[in-house]
Amino acid sequence: MLSKSQARLFFLGGTILFSLIFLWLTLDTIRQTPARTHMAAMDEQVLLGRKLWDENNCMGCHTILGEGAYYAPELTNVLDRKHPEWIRAFIRNPQAFYPGRRKMVAYDFTDEEIDGLIAWFRWVQGIDTNGFPKDPPLREWIKDSGQASVKE
Ligand code: HEC
């Protein structure tokens with residue numbers, strides 16, 4: 001059993017130690033954020049994509065950096081899976097790609113807007129996320145679930 005003064009010391013020591021650790025981690029996060037998010041690369045095109053992403057409720061179906069809904073694929077690493085030209089063609093006419101499957105909204109974006117969305121995906125992909133997502137093997141999943149194969 002701890003005596004009263006030992007318990008007080010234990011409490012104070014623990015509080016001070018973990019407050020210092022918390023402070024150090026906070027400062028370390030603030031110090032690392034600009035480089036890890038490569039904020040400087042967020043230009044006009046990326047901002048346009050970001051705006052379209054927010055205004056068109058893409059997160060109502062997709063996740064990005066794990067945030068959003070689970071109806072449609074996680075898009076943090078979409079440029080690892082798909083060529084920008086594929087994404088461009090897909091966004092212009094999503095229904096043509098996966099007939100008979102879950103549907104994506106056919107947006108009426110201009111070429112400039114689609115370029116903005118692709119720049120936004122590229123920017124997101126450049127964030128150092130400590131390896132998140134461990135890219136779920138989408139292709140394998142689609143194969144296993146017996147759905148139609150992915151058309152590149
Ligand atoms: C109503 C739900 C819905 C919304 C809203 C939506 N999507 Fe999708 N999206 C889908 C579905 C479903 C798929 C996958 C089709 C499939 O696999 O059958 C998809 C696929 C994609 C893909 C291809 C991903 C891959 O790995 O093949 C991209 C890129 C994409 N969406 C971008 C967007 C963008 C950008 C927006 C917002 C402007 C958006 N989506 C809004 C449902 C949606």
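Residues numbered from 1 in each chain as written. Predicted model: local features only at pLDDT ≥ 70, side-chain atom pairs only at ≥ 80, totals over all residues. Heavy atoms only, no water.

Concerning the confidence of the model for the chain
Taken over all residues, the pLDDT of the chain has a mean of 88, while the share at 70 or more is 88%. Looking at the elements of the chain, mean pLDDT is at its lowest for helix α6 (residues 138-144), recorded as 54, and at its highest for helix α2 (residues 44-55), recorded as 97. Throughout residues 148-152 the model reports pLDDT below 50, and contacts reaching past four residues in sequence, or to other chains, amount to 13 contacts. (pLDDT = per-residue confidence, 0-100. Helix = DSSP H or I, 4+ residues; strand = E, 2+ residues; numbered from the N terminus. Contact = heavy atoms within 4.5 Å.)

Re the packing of α2 against helix α5 (residues 111-125)
The relative placement of two packed helices is expressed as an angle between their axes plus a distance between the axes. Where α2 contacts α5, the two axes come as close as 7 Å, and the packing angle between them is 95°. Of the possible angle classes, the one that applies to α2 and α5 is roughly perpendicular. Here Gln45, Val46, Leu48, Gly49, Arg50, Leu52 and Trp53 of α2 come into contact with α5, specifically with Glu112, Glu113, Asp115, Gly116, Leu117, Ala119, Trp120, Phe121 and Trp123. (Axes fitted to C-alpha atoms, helices over the stretch in contact; angles between N-to-C directions. Parallel < 35°, antiparallel > 145°, perpendicular 65-115°, else oblique.)

Quick word on the site of the ligand
Taken together, 24 residues form the shell around the ligand, and within it Cys58, Cys61, His62, Arg101 and Met104 come nearest. Contact between the ligand and Arg81: an oxygen atom at 2.8 Å from a side-chain N or O atom of the residue. At a separation of 3.0 Å, an oxygen atom of the ligand approaches a polar side-chain atom of Arg102. Of the pockets mapped on this structure, the ligand occupies the largest pocket. Broken down by class, the residue content of the shell around the ligand amounts to 16 nonpolar, 3 polar and 5 charged. (Near = heavy atom within 4 Å. Polar contact = N/O pair within 3.5 Å; in protein donor to acceptor, adjacent residues only side chain to side chain. 1 Å grid on protein atoms, 1.4 Å probe; cavity = no way out; pocket = protein on both sides within 12 Å on 5 of 7 lines; lining within 4 Å. Sits in = over half its atoms within 2 Å of the grid points. Nonpolar A, V, L, I, M, F, W, Y, C, P; charged D, E, K, R; others polar.)

So, the pattern of salt bridges
Across all of its chains, the model carries 7 salt bridges by this definition. Across the pair Glu85 and Arg88 runs a salt bridge whose closest N-O atoms are separated by 2.6 Å. Taken together, the residues span about one helical turn, with Glu85 and Arg88 both in helix α4 (residues 84-92) at a distance of 3 residues. The shortest N-O distance in the salt bridge between Asp111 and Arg92 comes to 3.0 Å. On the criterion of sequence distance, the pair formed by Asp111 in helix α5 and Arg92 in helix α4 is long-range, its members being 19 residues apart. Within this structure, Glu85, Arg88 and Asp115 form a network of salt bridges that share partners. (Salt bridge = Lys/Arg side-chain N within 4 Å of Asp/Glu carboxyl O.)

Here we look at the coordination of the iron atom of the ligand
Protein-derived coordination of the iron atom of the ligand comes from His62 (NE2) and Met104 (SD), at a distance range of 1.9 to 2.1 Å. Residue classification places Met104 among the partly exposed residues on the basis of a relative accessible area of 22%. (Donors = N, O, S within 2.8 Å, 3.2 Å for Na, K, Ca; no water. Buried < 20%, exposed > 50% of the residue type's maximum accessible area, 1.4 Å probe, protein only.)

What to know about the packing of aromatic side chains
Using the criterion set out here, one finds 7 aromatic pairs in the structure. Between Trp53 and Phe121 the ring centres are 6.1 Å apart and the planes differ by 80°, which places this aromatic pair in the edge-to-face class. Remark: Phe121 occurs in helix α5 and Trp53 occurs in helix α2; sequence separation between them is 68 residues. Classification of Trp53 as buried rests on a relative accessible area of 2%. What makes Phe121 buried here is its relative accessible area of 5%. Look at Trp86 and Phe97: their rings are 5.1 Å apart centre to centre, the planes differ by 75°, and that puts the pair in the edge-to-face class. One end of the pair, Trp86, is in helix α4; the other, Phe97, is in the loop between α4 and α5, and 11 residues separate them in sequence. According to the relative accessible area criterion, Trp86 is buried, its value standing at 12%. Under the relative-accessibility criterion, Phe97 is labelled buried at 17%. Linked through ring pairs, Trp86, Phe90, Phe97 and Tyr98 together constitute an aromatic cluster. If you follow Arg102 out to its NZ or CZ, it ends over the ring of Tyr71, 6.0 Å from the centre. (Phe/Tyr/Trp six-rings, centres within 6.5 Å; stacked < 30°, edge-to-face > 60°. Lys NZ or Arg CZ within 6 Å of the ring centre and 35° of its normal.)

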